[in-house]
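Residues per chain, in single letters:
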Amino acid sequence: MNRPFFALPALALLAACGSSGGNEAANSSGAQITGAGSTFVYPVLSAWAADYRNQNGTAVNYQSIGSGGGIAQVEAGTVDFGATDQPLQSDELAKNNLAQFPVIVGGIVPVVNIAGVDAGKLKLTGPILADIYQGKIKNWNDPAIVRLNPGVNLPSAAIAAVHRSDGSGTTFNFTHYLSQVSPAWKAGPGEGKTVNWTGGVGGKGNEGVAGYVKQLPNSLGYVEYAYVVQNKMSYALVQNAAGQFVAPSADSFAAAAGTADWKNAQDFNLVMTNAPGANAYPIAASTFILVPKQPKDKAKSNAVIAFFKYAIEKGQGQATKLDYVPLPADLVKQIEDYISQNVK
Amino acid sequence: MAIRASRRIADVVAFVFATAATAFGLVWLTWILWMTFRQGAAALTPSLFTQMTPPPGSSGGIFNALYGSAVMILLAVVIGTPVGVAAGTYLAEHGRHTRLAAAVSFINDILLSAPSIVIGLFIYELVVRRAGHFSGFAGALSLAIILLPIVVRTTQESLLLIPDTMREAGFALGLPRWRVTRQILYKAAMSAILTGILLGIARIAGETAPLLFTALNNQFWSANLNAPLANLPVVIFQYAMSPYDEWHTLAWAGAFVLTAFVLLLNILVRLIARKGKQG
Amino acid sequence: MNATAAKILEAPRPKKSGAGADRTFELITSGAAWFVLVLLAGIALSMAWGGRLAFKTFGWRFITSPDWDAVGGHFGALVPIYGTLVTSAIALIIAVPVSIGIALFLTDIAPRWTRGPIAIAIELLAAIPSIIYGMWGLFVFAPFMAAHVEPWLSDHLGGKAVIGPLFSGPPIGIGMLTAGIVLGIMVIPFIAAVAREVFSAVPAPLRESAVALGSTRWEVLRHVTLPYTRSAMIGAIFLGLGRALGETMAVTFVLGNAHDLSASLLMPSNSIAAAIANEFTEADTDLYRSSLIALGFLLFVVTFMVLSIAKLLLLRVNKQMGRTH
């Protein structure tokens, strides 16, 4: 074959293998750490990663593929850290030699796409949500919903319920909440990172659910609040354990998180849905980071720990901008002690 | 004698249906291309080619994705072309009437239309699982496997188009077979083989499914083939399925670039083919 | 025999190095040819191997079970198989008549100077990457279906007997019908290309004698062209089917990823390729991953059989037309 023909791709190949650094920031080529998992935390994690990269050049390459995927990847060792909204039990952590700690608190909010219904105008309860997702309530003008929303113009259209198609910690927290408030749900689909959904559309990640709800008329979904804010979506209020319809915000999430008893949670294994309190948002949740206890690559492990230390100590600004709740100081101390004890 | 009315009606119906069917096909083509270009052109800015893929909520470009795709396509061509040309040569030359060639030709055509996601799974099992991580190299391998049957087929067909008299002339001059193939046949079939490679590039440029679990994606600039590598199709997939408007814009821009690239390749192929026929 | 005669007789034989290089060349080319076979075998084997856990755990129930429970560990291929078959069927129902119509148009009706450009335009449909079809499907076509087509369908046909259940449900735009239509458009150029080639290969005397006997265009198509090209047309249909079965990206965008068995075409569902694409990177247990690979194995086996049938039919046609390869 003509030799020049192969020279060009071969040169390109050599060039590609040779260079490994970045060029768009002023910083020289820094370390790269990989992570995967929760889409719940992705908006604030990517903001932290961008700031951190500007600060010291380390690139945090995070794949937002759902809590299930994050757990699988970190257990298989194909990423340096995993992120999950469903905390692992201590025995599973021990089996895979993983350490677990929370980094942020946020809220899960039902989003709707109904013509004429603005953000915060629609009121729903946990049992109604459970019935909608079980297919028992089919249309928006069902008497149960109308009763709760006297002034709202609800169409007679069928509800297109969007759920998660991937293994999701957001789904876990949402279904955990539904199991707490609806016996029919608990006996039926139950709770988990994925459940047996009846009907509806499956979106991939929080992004996919938000994307579908934005696209499909008369749809309903459940997403982390940052996605609502970033995409200016219309959300519904949910009735909390005290009977109040609380609007989602950093304050109502903080009110729910404030009732959590972190001190007595082994490996921080704690779920905070249906929290008591007049101002508590009913579906608040935290994201947990999983790291290997005895990492093979010490440099990478140190880089991961350094990044999350930065996140929980200095990342409050980015968190509050997106209406997440940064962790209180004593929890930060508890986490840092845990890390220095467990991650060698 | 006049034709019975029902026969005439049937004929008119067929005429109308055939015309409508063609219009049907052309309408979809126009609709798809028009929407892609309209949405994509609105998103075309120079920053597309200079900035990296941004986190949600900020603007950016797709340079790392374009680079990653280009590198993987190039690597796939480097890996797939020699094997494909060699296999095609066997089918057309040494093995022309053997059972092996018949079997290989058959299997090759099946591979040509095989689901690309299965090839992605294969490379995942073979390479990603063993290595323990995703890599641009695995992505390039899966693209090479998709490219291979195209190159084999094109090489075989273009070599078979060369009349045997050329081969006999070479043998008559005392040339060994490999020289005949290399210096006479390849030269004669060069433009045809090249068009095959270009069509193959057009095909693998748009392949998403095999890259989903081989190269994965990378939001930062990276030229490291031994790690997840950004690439255009997966970026389009991820951004299109997201709710962020900035990401949607970038997805349309990426779709525009990809479609324009593929169409240009197709036009290039036709120009080369026409020049080949004239020469 | 004198020396010069011997020299002349010896001359045409290749030199020793030529023979060695020839053998090497033959080894390389035949090795590459064997590689193609090994590759296919490797793909089949690795799929079977990866899916063995699922097949061992579920047995034949894997194919008949509609469950898809990642938490409880019950996986069944029925819903993805169903979605794949339904969308492919819709695709063929659209693509086959349209392709025959296009072939008829290009061989019989269109003015000669337009045939080239129109044929190129139809072929461009095949060149558009499937992810573009997917994006266009999600952002342009699905809303169109949801706003204009599906409400009409569920209002007018949703209540009828027999076909009613096929068209009931909320008009969300994404679902089996939309996915089937998009697949059909994607498959048109493949079937149309073969159809056009074999239509124009019908021997002129055959067609002309039919016309001389007074046949209309439709009658030539029905009584001469189609019967003559029957093998090729069936081969082309199988080729289109093979493509439709394996298509991933176009379907993933507009099918809805719902592991639900529903009679209505307006409802979302799942296909084998879309299920694998959506869930593989998140499969967190060995059984989950194995089930997805088992799905891939099923898809591979089915497309292999379909494409083999297509290839055999088209080979027979090539023989008919006098081609030797």
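Conventions we followed
Residues numbered from 1 in each chain as written. Chains lettered and ligands numbered in written order. Predicted model: local features only at pLDDT ≥ 70, side-chain atom pairs only at ≥ 80, totals over all residues. Heavy atoms only, no water. Helix = DSSP H or I, 4+ residues; strand = E, 2+ residues; numbered from the N terminus. Expected span 1.5 Å × (residues − 1). Bend = angle between axes of the 7 residues up to and from the residue. Salt bridge = Lys/Arg side-chain N within 4 Å of Asp/Glu carboxyl O. Buried < 20%, exposed > 50% of the residue type's maximum accessible area, 1.4 Å probe, protein only. Phe/Tyr/Trp six-rings, centres within 6.5 Å; stacked < 30°, edge-to-face > 60°. Contact = heavy atoms within 4.5 Å. Patch = residues over 30% accessible without salt bridge, like charges linked within 9 Å, V, L, I, M, F, W, Y side chains within 5 Å. Areas by Shrake-Rupley, 256 points an atom, 1.4 Å probe, with all protein chains shown as cover.

Draft legend 1. Structural context of helix α7 (residues 130-156) of chain C. End to end, α7 of chain C covers just 32 Å across 27 residues, shorter than the expected 39 Å (1.5 Å per residue, more than 12% under). At glycine 137 of chain C, α7 of chain C shows its largest kink, close to 50°.

Draft legend 2. Examining the pattern of salt bridges more closely. Inspection of the entire model under this criterion finds 15 salt bridges over all chains. Between arginine 270 of chain B and glutamate 123 of chain C there is a salt bridge, with the nearest N and O atoms lying 3.1 Å from each other. Of the two residues, arginine 270 of chain B is situated in helix α10 (residues 245-278) and glutamate 123 of chain C in helix α6 (residues 112-127); the pairing between them involves two chains. Overall, the relative accessible area of 30% leaves arginine 270 of chain B in the partly exposed class. Note on glutamate 123 of chain C: relative accessible area 36%, which makes it partly exposed. Across the salt bridge formed by arginine 289 of chain C and aspartate 286 of chain C, the nearest N and O atoms sit 3.2 Å from each other. Of this pair, arginine 289 of chain C and aspartate 286 of chain C both sit in helix α14 (residues 286-320), three residues apart, roughly one helical turn. Under the relative-accessibility criterion, arginine 289 of chain C is labelled buried at 15%. Judged by its relative accessible area of 49%, aspartate 286 of chain C is partly exposed. Taken together, the salt bridges that share partners define one network made up of Glu93, Arg96, Asp164 and Arg167 of chain B.

Draft legend 3. Region of the structure containing the packing of aromatic side chains. For the structure shown, the criterion picks out 47 aromatic pairs over all chains. With centroids separated by 5.9 Å and ring planes inclined at 70°, the aromatic side chains of tyrosine 133 of chain A and tyrosine 222 of chain A adopt a geometry described as edge-to-face. Residue tyrosine 133 of chain A is found in helix α5 (residues 126-133), and its partner tyrosine 222 of chain A is found in strand β8 (residues 219-224); the two are separated by 89 residues along the sequence. A relative accessible area of 3% means that tyrosine 133 of chain A is categorised as buried. The exposure class of tyrosine 222 of chain A is buried, given its relative accessible area of 0%. Measuring from centroid to centroid gives 4.8 Å for phenylalanine 213 of chain B and phenylalanine 280 of chain C, while their planes differ by 55°, and the two rings are tilted. Of the two residues, phenylalanine 213 of chain B is situated in the loop between α8 (209-212) and α9 (232-240) and phenylalanine 280 of chain C in the loop between α13 (272-279) and α14; the pairing between them involves two chains. Look at phenylalanine 213 of chain B and you get buried, because its relative accessible area is 1%.

Draft legend 4. Main features of the environment of isoleucine 184 of chain B. Residues and elements named next belong to chain B. Inspection of the secondary structure puts isoleucine 184 in helix α7 (residues 177-205). Put simply, isoleucine 184 and glycine 80 are 104 residues apart on the chain and 23 Å apart in space, counted from C-alpha to C-alpha. With residues up to four places along the chain from it excluded, the contact list for isoleucine 184 reads Met166, Gly170, Leu175 and Arg179.

Draft legend 5. Quick look at a nonpolar patch on the surface. Residues and elements named next belong to chain B. Residues Val12, Phe15 and Val16 make up a contiguous nonpolar surface patch of about 250 Å² in total accessible area. Inspection of the secondary structure assignment puts valine 16 in helix α1 (residues 5-42). Look at valine 16 and you get partly exposed, because its relative accessible area is 48%.

Nothing here speaks to function; it is geometry throughout.
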